[in-house]
There are 2 protein chains.
Amino acid sequence: MSKIKKGDRVPLYYQLMDIIINDINCGKYKENDKLPSERELCEIYDISRATVRQTILELEKEGYIYKQHGKGTFVSGERFKQDLLKFYSFTEEMKKLGKTPSTKVLDFEITRLNERTAKKMNMNEGDKIYKFTRLRLADNKPMIVETSHIPYNRFVGITREDLEREAMYDIFTKRYNAIFTKAEESFRPVLTRENEAALLQNAINSPSMMTERITFEGNNIIEYTISIARGDKFKYRVVLEK
Amino acid sequence: MSKIKKGDRVPLYYQLMDIIINDINCGKYKENDKLPSERELCEIYDISRATVRQTILELEKEGYIYKQHGKGTFVSGERFKQDLLKFYSFTEEMKKLGKTPSTKVLDFEITRLNERTAKKMNMNEGDKIYKFTRLRLADNKPMIVETSHIPYNRFVGITREDLEREAMYDIFTKRYNAIFTKAEESFRPVLTRENEAALLQNAINSPSMMTERITFEGNNIIEYTISIARGDKFKYRVVLEK
């Protein structure tokens, strides 16, 4: 077993972090395994409760572990790495990672654009759109809530059942011969609200990523989607090369 | 004045959001202006307190406004858009936006790499590095806290004063002829901790963006930086073209 070196200039909580991260990386602790309690960690490593508490806080913050109220501390699953330099399909990404993607359509309506969303989509207030909210799951665990706005006239005939059954981008390209020419995504960190937390099965005010995505076909916007993704499940990456 | 249409199928809170956002966009309310109180908004628009409260919540969540405990609700500044497809320099970006960037060096030490950071930097445990934490400000308002790890041997002679005075990348390229060949950034949403909140002058557990940045010079990593940016001040954008 790795030991804490008390004379070392590396702070004790940091040494304990390294030990636990190493235990996670080498598979001693697996996804959703329960960690020893604070008291147990104090005894195992002969260090103070305050040190253990700081270790746990830092590990939680770095996303290695999560707490369940009254139950203890558990090992998080690895974050899905989402590469930002390509057209992103939840369905395709999850399949690549060996996860089974699924989708629940929570709302589906044909409605008219309000002023604000019309501006975003470069369309007119009152134009007909599909508006739907989907919960995206991986191995039946909720990951993202997405609300999409899609111009009705470009995609006449889409139903709620289509979206339950098939990936949206597959419907677009296969049935409507859509060609994606450009996408813009913007990201910002937000806190989950009550309804989002309920859907994503995490606590209210958990850190999450809000993404706005606008997809173009030539000069026309064919998708405007706002999504909220669990902050403990994703990591967004961009590589810049000269 | 815009009116709320009570018979409309657009929810009342959403109509009020549109009105206030419009008032912000057209300059009726400016950065840091105080909004009318909940009670005043109820009277002005003849709607219920619950509706006004939902409007305020949504506007806060979307970053248009911020609350100050006991003082009221204020208009946020516009978010800085950070484009992810280029080498990012805080100093350069702020100058482009007409803001005056400044930097406070909070810690500066020459130390040795621990195991975990050594792995990230593709170096050996015990290798000599600079480790420093900088607070980045725009017009004297704190925006980002950054902790950087820089290989000592590649940049012998950097001082704390250098970093106060000059942009780090300028020091790298002008004094050490560094050539950046690649950078990798990964992002995730986190909550500010007590010390970060104090530095960034926002509330504990505010949504923020944690970025890890690794910069390469050929095969060598010359920078590993972890930063925490205020979530209400930045928006990260990526454009994908086919």
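Residue indices follow the written sequence of each chain, beginning from 1 at its first position. Numbering of ligands from 1 and lettering of chains from A proceed in the order in which they are written. Selection of residues for local features in this predicted model requires a pLDDT of at least 70, selection of side-chain atom pairs for listing and counting requires 80 or more, and totals for whole chains, interfaces and linings are taken over all residues. With hydrogens and water set aside, each side-chain value is computed from the structure's full complement of heavy atoms.

Visitor: What should I look at first to understand unusual backbone geometry in this one?
Guide: In terms of backbone geometry, most residues other than glycine have negative phi values and most peptide bonds are trans. Residues and elements named next belong to chain B. With phi around 70°, Asn32 is a residue other than glycine that occupies positive phi space. Only DSSP runs of H or I reaching four residues or more are called helices, and only runs of E reaching two or more are called strands; each is numbered from the N terminus. Within the secondary structure, Asn32 sits in the loop between helix 1 (12-25) and helix 2 (38-45). Each residue is placed in one exposure class: buried if its accessible area under a 1.4 Å probe, protein chains only, is under 20% of its type's maximum, exposed if it is over 50%, and partly exposed if it falls in between. In this structure Asn32 comes out as partly exposed when scored by relative accessible area, which is 37%. For Asn140, which is not glycine, the phi dihedral falls at a positive 70°. Checked against the element boundaries, Asn140 lands in the loop between strand 5 (128-138) and strand 6 (141-151).

Visitor: For this particular structure, what's the right way to read the interface of chain A and chain B?
Guide: As a measure of interface size, the accessible area lost when the parts come together is often cited. Any pair of residues with heavy atoms lying within 4.5 Å of one another is described as a contacting pair. If you look at the interface, chain A gives 52 residues, while chain B gives 52 residues. Summing the contributions of chain A and of chain B, the shared interface buries around 4800 Å²; its carbon and sulfur component is 52%. Two parts lose some accessible area (1.4 Å probe) when they are put together, and adding that loss for both gives the buried area. Of all residues in chain A, the largest losses of buried area upon contact with chain B belong to A:Lys61, A:Arg116 and A:Leu240, amounting jointly to 18% of the total for that side. We count a salt bridge whenever a side-chain nitrogen from Lys or Arg sits within 4 Å of a carboxyl oxygen from Asp or Glu. Taken together, the connections running from chain A to chain B amount to eight salt bridges. For the salt bridge of B:Glu58 with A:Arg193, the shortest nitrogen-to-oxygen distance reads 2.3 Å. Here a polar contact is recorded for every N or O atom pair within 3.5 Å, except that within protein the pair must consist of a potential hydrogen donor and a potential acceptor, and residues adjacent in sequence are included only if both atoms are side-chain atoms. Here chain A is connected to chain B by 13 residue pairs in polar contact (both at pLDDT 80 or more). Looking at the side of chain A that touches chain B element by element, the count peaks at 10 residues for strand 7 (residues 182-191) of chain A. A pair of strands counts as paired when DSSP detects no fewer than two bridges linking them. Of the pairings in the sheet, the one linking strand 7 of chain A to strand 10 (residues 234-241) of chain B comprises six bridges and is antiparallel in character. Residue A:Lys182 lies in a different strand from strand 10 of chain B, and its bridge partner there is B:Glu241.

Visitor: I would appreciate a short explanation of the sheet that holds strand 8 (residues 207-217) of chain B in the present structure.
Guide: Sheet strands pair via backbone hydrogen bonds, and the direction of the pair is either parallel or antiparallel. On the basis of which strands lie adjacent, the open sheet formed by eight strands has the order 3(A)-10(A)-7(B)-8(B)-9(B)-6(B)-5(B)-4(B) and mixed pairing. Two strands in the sheet have a free side with no partner beyond their single neighbour: strand 3 (80-83) of chain A together with strand 4 (101-112) of chain B. Here the strands of the sheet are splayed against their neighbours by 20° on average, with no regard to which way each runs. The angle between two axes is taken between their N-to-C directions and runs from 0 to 180 degrees, where each axis is a line fitted to C-alpha atoms and a helix contributes only its stretch in contact.

Visitor: Help me out: how do you make sense of the pattern of salt bridges in this one?
Guide: Opposite charge on two side chains permits pairing when their charged atoms draw close. The tally for this structure, following the rule as stated, stands at 49 salt bridges over all chains. The closest approach of N and O atoms between B:Lys6 and B:Asp46, which form a salt bridge, is 3.7 Å. Within this pair, whereas B:Lys6 is found in the segment before helix 1, its partner B:Asp46 is found in the loop between helix 2 and helix 3 (49-61), the two being separated by 40 residues in sequence. With respect to burial, B:Lys6 and B:Asp46 carry one shared label: exposed. Among the salt bridges present, the one from B:Glu93 reaches B:Lys96, with a minimum N-O distance of 3.3 Å. Placement of both B:Glu93 and B:Lys96 in helix 4 (residues 90-96) is noted, with a separation of three residues, approximately one turn of the helix. The exposure class of B:Glu93 is buried, given its relative accessible area of 9%. Where salt bridges share partners, they join A:Glu38, A:Arg49 and A:Arg53 into one cluster.

Visitor: Please explain the relation of the copies chain A and chain B as it appears in this structure.
Guide: What relates the pair of chain copies is a rotation about an axis plus a shift along that axis. Each copy of the sequence occupies a distinct position, and chain A is placed on chain B by a rotation of 180° and an axial shift of 0.0 Å, giving an RMSD of 0.0 Å. Classification of the inter-copy transformation places it as that of a two-fold axis. In terms of proximity to the rotation axis, the leading residue of chain A is A:Pro189, whose C-alpha is 2.4 Å off the axis. A shared interface surface links the copies, since 100% of the contact residues of chain A are contact residues in chain B too. We place the copies in one frame by least squares, fitting the C-alpha atoms of every residue whose pLDDT is at least 70 in both.

Visitor: Looking at this structure, I do not really get the packing of helix 2 (residues 38-45) of chain A against helix 3 (residues 49-61) of chain A. What am I missing?
Guide: Between two packed helices, the angle of one axis relative to the other and the distance separating the axes together describe the packing. Residues and elements named next belong to chain A. Relative to each other, helix 2 and helix 3 sit at 115°, their axes nearing to 9 Å. In the crossing of helix 2 with helix 3, the sense of the turn from one axis to the other is right-handed. Contacts between helix 2 and helix 3 involve Glu38, Arg39, Leu41 and Cys42 from the first element and Arg49, Val52, Arg53 and Ile56 from the second. Here the term charged refers only to Asp, Glu, Lys and Arg, the term nonpolar to Ala, Val, Leu, Ile, Met, Phe, Trp, Tyr, Cys and Pro, and the term polar to all other amino acids, Gly among them. Considering only residue class, the contact of helix 2 with helix 3 consists of four nonpolar, no polar and four charged. The handedness criterion is simple: a crossing whose near helix is rotated anticlockwise from the far helix by less than a right angle is left-handed, and one whose near helix is rotated clockwise is right-handed.

Visitor: Quick question: what am I supposed to make of the nonpolar core here?
Guide: One recurring pattern in soluble globular proteins is that nonpolar side chains are buried together. Joining through side-chain atoms within 4.5 Å is the link that ties buried Ala, Val, Leu, Ile, Met, Phe, Trp, Tyr and Cys residues into a set, and such a set is a nonpolar core. Formed by 30 residues in total, the largest nonpolar core has its most connected members in A:Phe234 and B:Phe234. Looking at this core, the elements that each hand over two or more residues are helix 4 (90-96), strand 6 (141-151), strand 7 and strand 10 (234-241) of chain A together with helix 4, strand 6, strand 7 (182-191) and strand 10 of chain B. The contact partners of B:Phe234, leaving out residues within four places of it in the chain, are A:Arg188, B:Arg79, B:Phe80, B:Gln82, B:Tyr88, B:Phe90, B:Met94, B:Met143, B:Ile144 and B:Ala229.

Visitor: How should the pairing of strand 7 of chain B be read in this particular structure?
Guide: It is a general feature of regular strands that their side chains alternate between the two faces of the sheet. Residues and elements named next belong to chain B. Counting buried positions along strand 7 gives seven out of 10 residues, so the element sits mostly inside the fold. In the sheet, strand 7 pairs with strand 8 via 10 bridges, with the strands oriented antiparallel. Of the residues in strand 8, the one forming a bridge with Glu185 is Arg213.

Visitor: Is there a simple way to think about the sheet that holds strand 8 (residues 207-217) of chain A in this case?
Guide: Within the open sheet, the eight strands sit side by side as 4(A)-5(A)-6(A)-9(A)-8(A)-7(A)-10(B)-3(B). Their pairing is mixed. Since the sheet does not close on itself, it has two edges, and those belong to strand 4 (101-112) of chain A together with strand 3 (80-83) of chain B, each with one partner. Each strand of the sheet is rotated relative to its neighbour by a mean of 20°, with strand direction disregarded.

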